[in-house]
Structures are given as C-alpha cells and as structure tokens.
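Here are the chains, one letter per residue:
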Amino acid sequence: MKAILGISAFYHDSAAALLIDGQIVAAAQEERFTRIKHDPSYPEHAIDEVLRLAGLSGSDISEVVFYEKPFLKFERLLETYHAFAPQGFSSFAKAMPVWLKDKLYTKSKLKKRLAAQDINAPLFFTEHHLSHAASAFYPSPFEEAAILTVDGVGEWATTTIAHGKGHTITVLKELHFPHSIGLLYSAFTYYCGFRVNSGEYKLMGLAPYSSKQSPRVQQYVRRIKENMVDIREDGSILLQMNYFDFATGLEMTCNKRWTQLFGIPKRAPESEIAQEYIDLALAAQLITEDILLKLAATAKAITGSSNLVMAGGVALNCVANAQLQTSGLFQNIWIQPAAGDAGGALGAALAAWHIRHQQTRKPAENDSMSGAYLGTEFSNKDIARFIRKKEIDAVYYPEEEIYTVIAGLLNEGNIIGLVRGRMEYGPRALGNRSIIADPRNIEMQKKLNRKIKFRESFRPFAPAVLEEDASEYFNLNFPSPYMLMTAQLSEKYRLPLPDGYENLPYMDKLYTLRSRFQAITHVDFSARAQTVSAQTNPPFHALITAFKSLTGCGMVVNTSFNVRGEPIVCSPEDAYNCFLNTDMDCLVLENYVIRKPAKKQPDTINTSK
C-alpha cells in the first residue's frame, strides 16, 4: 500500500488530501475544523481527519507532497522588489521578516509539524500550477484534455496551458507575475469594496444588475482595455502596473489613478452600492470572459483536444465557465470542484502518484471525485449521543420516511439545515452541508440573505435540481454536479417584466417578480444550477424526488450551511449553533429532525402547467 498525503497551507484555504494506491480516499479543508474562514495555517486537523477517515495512522503515510515550491516564490518576491525599487520599500520591510523568520523555512517547519503527528515520510514539493493542473486532469473523465489553470499567482506562473494525456502532463505555455487575470479581477473586487480572496463571488453576483448595453459599462470596458490591460489574441495579458499596487505595495490598486480613470473613488466596505460600482463589476466580468475565451481558443489550437479541464481560483467563475461551455470551443468541459488552493493539496498528491511514480490511470465514467463528498461524516449513533448530551428535542425518522418528512417541511415554507453524509471538499455545499428551501417561495431569497446568511441582499441563491429534470427547468443538456456553471431559466417559467426593467435601481430590480421560481432566479434569469444524480448522492436525490412527488417541483434552493464570515459547518455542534443563531426553522442531522415553533405558511407561486 502506498499512501500519499497532499497538503496546501500558509496562504489561504489550507487543506489535506489522501490517496491510497492512487485512489482519492479523503480530503478536507482546515477551516471546517478551526472555524476560521479561509484558514491559512498548517492543516493539522484536516490531516488528522483524512487519516481517521482512511483508518490509518501517521506512520502509514508513504510520502507527503506540498502544493508549491517556497524557494521559487521567494525568488519571485526578491526579483519583483528589485525590479520595482525604490518603490515598495514599506511592503518589502513588512514581508521580509516574515519570510526570513518563517516562510523561508517551510520545509523544516513542515517536517517538524508532520513528525508531531507521527508522519516521518519523505517530503516533496511540486509547483503551484502543476498542482492545479493535476487536480484538474487526473480526476477528470478524459483520457486526454487541454488543461487551463488560472489564478492570482503561484510561484511565478499566473496562468498555464498544458496538455494531459494518459498519466502525463506537458506544460505548453505560461503567463508570469505580475500579469495575472486573477489579480486583475481581485483588484476590481477590492475597488468595489469587497475583500480580496473571498469577495470575488460578490463581484460576479453583482454584475448582472447592470447591462451590457449600458453606455457606462461600454465606456468602462474601453477604458480598461485602453489604459489598464493589453489583451493579446492568444489570451495573454500585459497589465499596466502604474494602475496596480499589489506587486510591491500594501494595496491592490493605485486608487488615485483609478478614480481619475473611472470617475468614482474606491467604495468603502459595507457602504451603499451605487450603480457606478455595479457597472464596473460587469465591466470586470466582461473583460475576464473575453480573456478566458481567448485562452481557451489558444488551448484548443495548440493541443487539438476536444476536452478541456480547468482549475485555479478563476475557474470558480461560473458565469465565465458558462460562456466557455456555450462557445462550442470544446465538446466537453470538466472543472475541479475544489479549484482554489484547497484543491492544490489533492493535485500535489496526484502529481506525485502519476508523474513521480509514473503510475497509469483509467479515467472514471463521470470523474473520480466521488461527487466531492470526501470529508467528515457522522452516524446516527453519533447524532444520538450529541442530542442526549445537549438535551435537545428531536425526532428520529427511519430512512424510508425521512425524505417525505423533509419534503413536507419544505412545502410548509420551512428553511432547513442539512447535515447528512460526508462533508463536501471545496467551496460549494452540494447537499450534505446545505441549507435548503422551497424555490417557489416569493420571499425566500430576501429571507435567506437577511435572516439566515446575514449577507448582502443582492446575492443570488442556487438550485439543486434532479439531473433527469435539469433540461425541463434550464438550458442544461449536460450534468453540472458541482455548481460551476450558470444556466438560463426556461422561458416557460419566466414572468413578464415591467417596462423599463433594465433601468430600474438594483434593489427594485432585485425584488421584481420575474420567475415562478423566484428564490433561485437571478435578475438576468440565470441560476448556478447543481444537477443531483441518484448514483452520486442517492439521499439528496431521494429528498428532491420526495419534494417533487409532493409539489411537482423537481428542485430545491441549495445554499451552503453557514452564515457570513464563517466556514461551512462540519459537525452537529457547528450546525446546531448556526441553527440557534439564525431564523432557520428546522435542522436535520442524519435521520433526526429538530424543529422550531411553526410559522405562518408563506405565499407561493403555482407552478403547475
């Protein structure tokens, strides 16, 4: 037996992943255990958990692989400061002590921490973008594929195009720091008042409140292309660094130049969102889509492949991914569900198995990610002990009844937290650590944002739809199990829009009744759909099937089980605390149902034909 442990750490989204003889056995993010969102620390708890799930001890590990090369990163840091000198001295003075004291000695630090967990196996390092590429290609269902990895920055690379074939990966093109699509998008995230490395989803969700036909949006796009970024036909970019401060400064943007260019100052976090920032969000999204389409076309041209796989933080941009899908450039696209740095842990382990050890691979029919259900799970006995300890009133339902019970609660307008089965790996909750609700409920989007998630009201919610029914509700003719692409709601479920809808203030647009499934329909009729398969997640599929049998509706609202600023819940205790501190109505822990006092049934839209 060869057990390979992959780890990512010390930037954000630390994680651990475990392979046994090349099979993905377990993977988890450190944040789920420490309760610190995007936790960058050494993944001690995640390592303990993947070992426990596999029934192994630290001494059983054959080798450990870290997801990037710290010395190459340090080289990039020094060369960048030298290139920009004398600018950036304050940033240099802040960064150097951290590197000289800590990060430069990552290898010895890792060995010490691993030894404390009885792991004394050899330690290896792989390059950041190779980890991403391996995480995208090796679990994919393709024998060969073009590989596109796009993020902020690894060591030097910010974007790579590679070709995967059999068990080999050949890197064909790289774009190097500071010219980064991910950092460009993060700069707009920052200027629009959201936090870098976590607010990019917000920028993407805000963009549809604008319009491509808006003169201001078109003006912003022109100014970005003429002043900020030179976009080449092959998708490579050249940033005009006098507009950016991330290379050697302490901020993302040179705010004075941005203010002069766009006529608006940097938005203060949590302040009211003016239409100008919404238009800027759409301009950034359009620029990103333009670049990614060009990169994909280049990948197609130089590999000749009909398959594309993707990873890196930018691969989580589901709107851009949908554009790639509809472009027809590739027959098949597969995206790693843990596309960010957390997935680098898995990619590092896979790179060791297939590249270092030259092990062949046989692609799985769908993929080898087990639906991304690779983390912690709890038995009904575990739940029963927790309930007794906390003296909670709960009702146990056998498996043949639980789905009908949950469906009935949803139909009554209840918002339900679910902890069932193995925890998801990656940023999306896919039915096992989810909050679910009735998508027909007119007020649900508002209630979920304000009273459950405690987040900005403009943010949309996703549907989990039966895979066999997806094309009934959306323009989806392919599986989308990981919520990594948007789809358009079918015309027959749309409602007529009022005159002047495009020019309404964004809050008025948000609350305009536009769909028979208002809770999951964004203002542009898009939805980040998850298709649920009876093969990959039988319990979640059975739940939605029971809801369909009761209501005729083959989907539910599915959002991650957490509140703003906190990671997705892991344990029954995490879930119970979240349940108590929000207006959630019911909590389902495996086969136990915990309820709050019943509330008045809300109005719904009749979706019968």
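Read on for an overview of the structure. If you're wondering where the values come from, they're calculated on a predicted model, not measured in any experiment. (Residues numbered from 1 in each chain as written. Predicted model: local features only at pLDDT ≥ 70, side-chain atom pairs only at ≥ 80, totals over all residues. Heavy atoms only, no water.)

**Structural notes on the overall build of the chain**
Okay, step 1: The number of helices and strands found in the chain is 20 helices and 22 strands.
Okay, step 2: Taken along the three principal axes of its C-alpha coordinates, the chain extends 65 × 65 × 45 Å.
Okay, step 3: Counting over 609 residues, the chain shows a buried share of 60%.
Okay, step 4: Considering only intrachain contacts with a sequence separation of at least 6, the fraction spanning at least 24 residues in the chain is 71%.
Okay, step 5: Carbon and sulfur atoms form 51% of the exposed surface of the chain, whose accessible area is close to 23900 Å². (Helix = DSSP H or I, 4+ residues; strand = E, 2+ residues; numbered from the N terminus. Buried < 20%, exposed > 50% of the residue type's maximum accessible area, 1.4 Å probe, protein only. Contact = heavy atoms within 4.5 Å. Areas by Shrake-Rupley, 256 points an atom, 1.4 Å probe, with all protein chains shown as cover.)

**So, the sheet that holds strand 12 (residues 332-335)**
Okay, step 1: With mixed pairing, the five strands of this open sheet are ordered in space as 8-7-6-11-12. Only two strands of the sheet have a single partner each, and these edge strands are strand 8 (168-176) and strand 12. Geometrically, the sheet is characterised by an average inter-axis angle of 20° between neighbouring strands, direction not taken into account.
Okay, step 2: In this sheet, strand 8 lies alongside strand 7 (residues 157-165) in antiparallel orientation, the contact comprising eight bridges. When the bridges of strand 8 are listed, A157 appears paired with H176.
Okay, step 3: Lying on the sheet, helix 6 (residues 128-137) is in contact with strand 6 (144-150), strand 7, strand 8, strand 11 (307-311) and strand 12; it crosses strand 6 at an angle near 135°. (Pairing = 2+ DSSP bridges. Axes fitted to C-alpha atoms, helices over the stretch in contact; angles between N-to-C directions.)

**Some words on the sheet that holds strand 1 (residues 3-8)**
Okay, step 1: With mixed pairing, the five strands of this open sheet are ordered in space as 3-2-1-4-5. Each of the sheet's edge strands pairs with one partner strand only, and the pair in question is strand 3 (23-29) and strand 5 (123-125). Strand after strand, the sheet turns through a mean of 20° between neighbouring axes, direction not considered.
Okay, step 2: The pairing of strand 2 (residues 15-20) with strand 3 spans six bridges and is classified as antiparallel. By the bridge assignment, L18 is partnered in strand 3 with A26.

**So, the pattern of salt bridges**
Okay, step 1: Per the counting criterion, the structure on display carries 24 salt bridges.
Okay, step 2: For the salt bridge of R216 with E276, the shortest nitrogen-to-oxygen distance reads 3.7 Å. One end of the pair, R216, is in helix 9 (residues 215-228); the other, E276, is in helix 11 (residues 275-303), and 60 residues separate them in sequence.
Okay, step 3: The partner of R564 in a salt bridge is E456, with the nearest N and O atoms 3.1 Å apart. Placement of R564 in the loop between strand 20 (555-560) and helix 20 (572-580) and of E456 in the loop between helix 16 (444-452) and strand 16 (462-466) is noted, with a sequence separation of 108 residues between them.
Okay, step 4: Its relative accessible area of 12% is what places E456 among the buried residues.
Okay, step 5: Here the salt bridges share partners, and the residues they tie into one network are K202, E270, E456, R459 and R564. (Salt bridge = Lys/Arg side-chain N within 4 Å of Asp/Glu carboxyl O.)

**Section: the nonpolar core**
Okay, step 1: Counting 140 residues, the largest nonpolar core has L5, F188, M228, F244, F262 and Y425 as its most contacted members.
Okay, step 2: The element best represented in this core is helix 11, accounting for 14 residues.
Okay, step 3: In this structure, F244 is in contact with L184, A187, M228, L239, M252, T253, C254 and W258, ignoring residues within four places of it in sequence.
Okay, step 4: Within the second largest apolar cluster, 64 residues are counted, among which are I415, I435, I452 and C553. (Core = buried A, V, L, I, M, F, W, Y, C linked by side-chain atoms within 4.5 Å.)

**Some remarks on the environment of A349**
Okay, step 1: When you line up the elements, A349 lands in helix 13 (residues 341-356).
Okay, step 2: Judged by its relative accessible area of 0%, A349 is buried.
Okay, step 3: As a C-alpha pair, A349 and T126 span 223 residues in sequence and 9.2 Å in three-dimensional space.
Okay, step 4: Setting aside residues up to four positions removed in sequence, A349 forms contacts with I4, G6, L19 and V65.

**Digging into the packing of helix 7 (residues 181-191) against helix 10 (residues 255-262)**
Okay, step 1: Between helix 7 and helix 10, whose axes approach to 12 Å, the crossing angle comes to 80°. Judged by the inter-axis angle, helix 7 sits roughly perpendicular to helix 10. Packed against helix 7, whose contacting residues are A187, F188, Y190 and Y191, the element helix 10 presents N255, W258, T259 and F262 at the interface.
Okay, step 2: Here the contact of helix 7 with helix 10 is built from residues that sort into six nonpolar, two polar and no charged. (Parallel < 35°, antiparallel > 145°, perpendicular 65-115°, else oblique. Nonpolar A, V, L, I, M, F, W, Y, C, P; charged D, E, K, R; others polar.)

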